Amino acid sequence: MAAVADARLPELVELPHLNPADLDPLLEEEIGVWRREFAWDFQPSADLLRRFLQTRSLYGCALRTDSEVLGYAYHVCEGHKGLIGDLYLRNGFATPGNEALLLGGVVQSLISTPGVRRIESQLMMLRAVSAQQIPFGRYLKRHDRLFMVIRRDAALRLPLNPPALNVTLLPWAERYQEDIAHVLAGSYKGHVDSEINDQYRTIPGARHFLTNIVRFPGCGRFSPVASLVAVDQRTRRVCGICLCSLVSADSGHITQLCVLPALRGARLGYDLLHHALLRLSDLGCTSVSLTVTCSNLEAIRLYESTGFRTHATFPALVWEGF
C-alpha cells in the first residue's frame, strides 16, 4: 500500500495567490520578534506589506502547510536588480531546511525574471540556514554583518573629542541632499559595502538610496532632527554625514555614517556619531543601534570605542553572474 501523504508537508506558494488575512498571524508574530530582539517597531513595515498583499502586488513566496502559513519572503525589482526585502519563518519552523526552501524559491523567481542580473539581500531574520545550505551558492557572495547596540547611559558618558578639522555640524536639510549623494559615492568607492549594495557605486544610485532612507519605513522613521551633516568651513561643502531614524518610541538607529576618505583619521566620524547619539537621547531614545560589515574593522573599532556592543550577526547575500 502506498504511504499516505503527509498533509503537513510544507509547500511553496506565490504570495499573490494567498488570502491577505492568511499572513496576519505570521506578521503579528514577526512584529513581536522585532520588538523583543531588536527594540524595533515593525508595525509600519507590516502595515505596508498588508496594503500590497490586499492589491495582490506583493511578490515572493510563502511556505504553507494545509491552510497555515509558516513563513514568507518577498522581493522587489529595481531595473537590473532584485531585492529580497524580508524573510521570516514562525517560531518552531525556522529550520535550515525550511529557510533554504523559502529562500531558494525567492531566488529562483528572481533569477527567472527577465532583465534581473543581480540579487541583494540583508536578512536579519535568517536564523538557521548555514553558508553551505544557501541556494544557488555558485553565484553567491556572503558578507556577514553585525547588529550593534549602545545604551543611553553609555552614550551620555562619551567625552567631547572635537575633530582636527575646521568643520561645522549642521542639522540635515533637503538642500544638502545632492552633496550628501556625492559624499556617499566618494566614501564607498572600492569599499566592501559597495559589494553588498551597488547603489553606493554611483551618484544616481546614492540619490536613490537617500530617497529610500528619507521616505520609506524600512530603516525606521527618518529623523532630520538627529541627522547631521559636516560642512567644511573653507569650501562650504558637505564632507561627512550621520543619518538617523527612530525605529520605535524609545529606540534610534544610525542608518548611515560616512566621511570623505581624505578626512578620515581626524576624529570627524566620532564627532558626528557622538552628537547624533546626544540628539537621539534628547528625543527619548534609551538605546541606539546600527549595522556594520564584519570585515569593516576600522568602523567596528570606532563603534566599540564609543560603547556599541554586538547584539546579533546576520548575512548580507549577493547573487550575481547567473
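Residues numbered from 1 in each chain as written. Predicted model: local features only at pLDDT ≥ 70, side-chain atom pairs only at ≥ 80, totals over all residues. Heavy atoms only, no water.

**What about empty space enclosed by the protein?**
Our working definition: Here a cavity means grid points, on a 1 Å grid over the protein atoms only, where a 1.4 Å probe fits yet cannot get out; a pocket means an open set of points with protein on both sides within 12 Å along at least five of seven lines; lining residues are those with an atom within 4 Å of a point. Grid points are joined across faces, edges and corners, and a volume is the space filled by probe spheres set on the points. In this text, helices come from DSSP runs of H or I with a minimum length of four residues, and strands from runs of E with a minimum of two, each type numbered from the N-terminal end.
On inspection of all chains with the given rule, the structure shows 1 cavity of 30 Å³ or more. Estimated volume of the largest cavity: approximately 30 Å³. Taken together, the elements giving at least two residues each to the lining of the largest cavity come down to strand 6 (140–151), helix 4 (152–156), helix 8 (268–282) and strand 12 (287–293).

**Thoughts on the nonpolar core**
Threshold: Buried Ala, Val, Leu, Ile, Met, Phe, Trp, Tyr and Cys residues that are joined via side-chain atoms within 4.5 Å together make up what is termed a nonpolar core. To sort residues, take the accessible area from a 1.4 Å probe on protein chains only and compare it with the maximum for the residue type: under 20% means buried, over 50% means exposed, and anything in between is partly exposed. The contact definition used throughout considers only heavy atoms, calling two residues in contact when any of these lie within 4.5 Å.
Counting 33 residues, the largest nonpolar core has I254, Y303 and F308 as the members making the most contacts within it. Sorting the residues of this core by element identifies strand 6, helix 4, strand 9 (228–232), strand 10 (238–248), strand 11 (251–259), helix 8, strand 12 and helix 9 (297–306) as the ones contributing at least two each. For this core, the element with the highest residue contribution is helix 8, accounting for 7 residues. Beyond its immediate chain neighbours, meaning those up to four positions away, F308 contacts M148, V149, I150, L273, L277, V288, S289, L290 and Y303. Core analysis: the next-biggest nonpolar cluster, separate from the first, contains 27 residues, L27, F42, Y72 and Y74 among them.

**As for the environment of G82**
Topologically, G82 is positioned in strand 4 (residues 81–89). With a relative accessible area of 0%, G82 lands in the buried category. Sequence-wise, G82 and V292 are 210 residues apart; in three dimensions their C-alpha atoms are separated by 22 Å. When sequence neighbours within four positions are dropped, the list of residues in contact with G82 reads V76, C77, L110, V116, R118, I119 and E120.

**Some remarks on helix 1 (residues 24–38)**
Which entries qualify depends on this criterion: A helix is expected to reach a length of 1.5 Å times the quantity of its residues less one.
Compared with the 21 Å implied by 1.5 Å per residue over 15 residues, the 21 Å span of helix 1 between its first and last C-alpha is a close match. Those residues of helix 1 that fall on the buried side of the exposure criterion are L26, L27, E29, E30, I31, G32, V33, W34 and F38. Among the structural elements, helix 2 (43–54), strand 3 (68–78), strand 4, strand 6 and strand 13 (309–320) are those in contact with the buried residues of helix 1. With its phi angle positive at about 55 degrees, A39 sits one or two positions after the end of helix 1.

**Quick notes on the pairing of strand 2 (residues 59–65)**
Convention followed: The pairing criterion for strands is at least two bridges between them, as found by DSSP.
Burial within strand 2 is extensive, with 5 of its 7 residues counted as buried. In terms of strand pairing, strand 1 (residues 11–14) meets strand 2 through 4 bridges, oriented antiparallel. Of the residues in strand 2, the one forming a bridge with E14 is C61. Pairing between strand 2 and strand 3: 7 bridges, direction antiparallel.

**Structural notes on the packing of aromatic side chains**
Here is the rule: Between rings of Phe, Tyr and Trp, where Trp is taken as its six-membered ring, a pair exists when centres lie within 6.5 Å; planes separated by under 30 degrees are stacked, by over 60 edge-to-face, and by other angles tilted.
Following the criterion strictly, the structure yields 9 aromatic pairs and no others. Residues F38 and F147 carry aromatic rings whose centres are separated by 4.8 Å and whose planes lie at 70 degrees to one another, so their mutual orientation is edge-to-face. Pair noted here: F38 is in helix 1 and F147 is in strand 6, with a separation of 109 residues, a long-range link. The pair formed by F38 and F147 is uniform in burial state, with each residue classed as buried. Taken together, W34, F38, W40, F42 and F147 form an aromatic cluster joined through their ring pairs.

**Thoughts on helix 7 (residues 203–215)**
For helix 7, with 13 residues, the first-to-last C-alpha span of 18 Å sits near the 18 Å given by 1.5 Å per residue. Against the buried residues of helix 7 lie helix 5 (177–187), strand 8 (221–222), strand 10 and strand 11.

**Thoughts on the state of the cysteines**
Stated formally: Here, two cysteine sulfur atoms that lie within 2.5 Å of each other are counted as a disulfide.
Counting across every chain of the model gives 0 disulfides. The structure places no disulfide on C285, whose sulfur is separated from the nearest cysteine sulfur, that of C244, by 8.8 Å.

**Things to note about the pairing of strand 10**
With 11 of its 11 residues buried, strand 10 lies for the most part within the structure. Direction of pairing for strand 8 relative to strand 10: antiparallel, over a ladder of 2 bridges. Residue pairing for strand 10: F222 is matched across the bridge by S245. In the sheet, strand 9 pairs with strand 10 via 4 bridges, with the strands oriented antiparallel. Bridging from a neighbouring strand, V229 pairs with I241 of strand 10.

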